[in-house]
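Secondary and tertiary structure notes
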Amino acid sequence: MELDDVRKEILDAPGHLLIQGGPGSGKTTIALLKAARTLETLEPEQHVVFLSFSRAAVRQISERVGEHLPRAIRSLLEVRTFHAFFLEFIRAHGLLLTGTPSAFLPPDAERQRQADHDGDWDAETMALASRGVFVFDQLAATAATLLEHSCRLRILYSDRYPLVIVDEFQDTNLDQWRVIQALAERSTVICLADPDQRIYEEFVKGVDEERLHQAISALGPRLFDLAGDNHRSAGGGILDYANAVLRNHPANRPPTVNEVHYGYPYTPESVAHHVILQLQNMLTDQLGHQPTIVVLAPSSAFVARISEAISTEQTVKGNPLPPVDHELVWEPGLSAAAGHVVASILEWPTLPRTEAITGTFNRIADFYRVKSEEKQVQQARSAIRVTNNSIKSFLSGKSPRAKTGTTVIQAYDDGIQLTGNPVTDWQLAPWPVDLPTSGMAKGLIPAPRTWCAASLWTN
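The sections below set out a description of the structure shown in this document. Since this is a predicted model, take the numbers as computed values, not measurements.

For the rest of this paragraph, the subject is the packing of aromatic side chains. For any pair of aromatic rings, the description rests on two quantities: the centre-to-centre distance and the angle between the ring planes. What the rule picks out here adds up to 11 aromatic pairs. Between Phe89 and Tyr157, the ring centres sit 4.8 Å apart and the planes meet at 65°, which makes this aromatic pair edge-to-face. Of the two residues, Phe89 sits in helix H5 (residues 82–93) while Tyr157 sits in helix H10 (residues 151–160), which places them 68 residues apart along the sequence. Each member of the pair, Phe89 as well as Tyr157, carries the same accessibility label: buried. A ring pair is formed by Phe367 and Tyr368, whose centres lie 5.7 Å apart and whose planes are at 80°; its orientation type is edge-to-face. By relative accessible area, Phe367 is classed as buried at 0%. Take Tyr368: its relative accessible area is 6%, and that puts it in the buried class.

Right, dumping it as structure tokens:
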């Protein structure tokens, strides 16, 4: 690729670097080219590590590796998420901190455990960590503490990774920043940052808007600014438009934007079907290839209805709308938990009454444990208590006070007629009418792909 003077200077610059720029400015590309130079000089067993926040980002970076790195040295570049890196680090060295082998609670198990915990969950996770059991949010802090307290570990990991590249550096929290500072004592650190794109500041503890200034003060890096470059969508005026909106500079006249307004006396699902097809045709003509279109809606149930609508042929204003091939985004853990509830119901004919009903109650409680996220913990705990009370009432021969409990018992006593066809029987299984369904129709369980929808997209 053609390199301008700034990028040539980046490739030749020694020591720590801070490269700033917006989306499409080429930060990742120049970092990979910089890594390629280092990879060619590594000693045996040395690697370069490229840290990012999400598996999606790691996948995108990994796809770019083949474009910029010779095949012979690609295996020496490790593209990892922060948490995968910390997890492996603690698995290897956590014993030094706790005196016991390290164990981990995956997020779904943590949510279930948190749902049953009435005290301060942060204090509980710290107590677990002291016993060598770590949750997702404790990994960075534990890794930072180990590195800060052990000079030998810092030397070991800097020998292993003489170059550390940090993607989206502006979003690092305090503990991730502690790890980077510890490694920076002997490793070269390249920070890639977009000052205008702090994604996690509002909801991740420890993310600091002063992080770039802190890095400049602590690391003394060479500074490079690629903010004026946009290789991803050059010539379309998108960057100018975004900057005008972001900085509220009406003097920077944004480019002309074609606005399309739709108004049809049909359901929102039909309108979405029509708009998706029109956008597909328009963007295919403009781009020369089929676009990716993301459809967002305010609720899982609404997305489920859109998905059902665009899966079949419809007629709008006398025009046939063909089905749209798409993928539905859903929460697999919650769907699996709901599936266990249905499966327990399908087992009713093979089990004694007490075992069948209590088994379904327990699966409903598990469903709420999985559902208990940060903003829903109290609601989930309340539902778990109600379900457990229903079990106690049922086992003592009393009628449960909760409607869910009475519905399950009544459904069992009414009997369930199974056909032997798993698909048909799955949809025949009764669902407690007052149980939150996350996109599932009350009374019946629809096809699993409509569960817990958050968004959908088409290609």
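With respect to the helices, strands and loops of the structure, Ala72 is situated in helix H4 (residues 71–74). As for Ala72 and Leu39, which are separated by 33 residues in sequence, their C-alpha atoms are 10.0 Å apart.

Next up on the list: the environment of Leu97. Its location among the elements puts Leu97 in helix H6 (residues 95–98). Relative accessible area serves as the criterion here: at 40%, Leu97 is assigned to the partly exposed category. Once the C-alpha coordinates of Leu97 and Ala143 are considered, the two residues, 46 residues apart in sequence, prove to be 9.9 Å apart. In contact with Leu97, not counting residues within four places along its chain, are Thr142, Thr145 and Leu146.

Rules used throughout
- Throughout this description, residue numbers start from 1 for each chain and increase along the sequence as written.
- Where local features are concerned, this predicted model is filtered to residues with pLDDT of at least 70; where side-chain atom pairs are given and counted, the filter is 80 or more; whole-chain, interface and lining totals use all residues.
- With hydrogens and water stripped out, all remaining heavy atoms of the structure feed into the side-chain values.
- Each Phe, Tyr or Trp ring, with Trp reduced to its six-membered ring, pairs with another whose centre is within 6.5 Å; inter-plane angles below 30 degrees give stacked pairs, above 60 give edge-to-face pairs, and intermediate values give tilted ones.
- Put simply, DSSP H or I for four residues or longer makes a helix, DSSP E for two residues or longer makes a strand, and each gets a number counted from the N terminus.
- Between buried and exposed lies partly exposed: a residue is buried under 20% and exposed over 50% of the maximum accessible area for its type, with that area taken using a 1.4 Å probe on protein chains only.
- A contact between two residues is defined here by any heavy atoms of the two lying within 4.5 Å.

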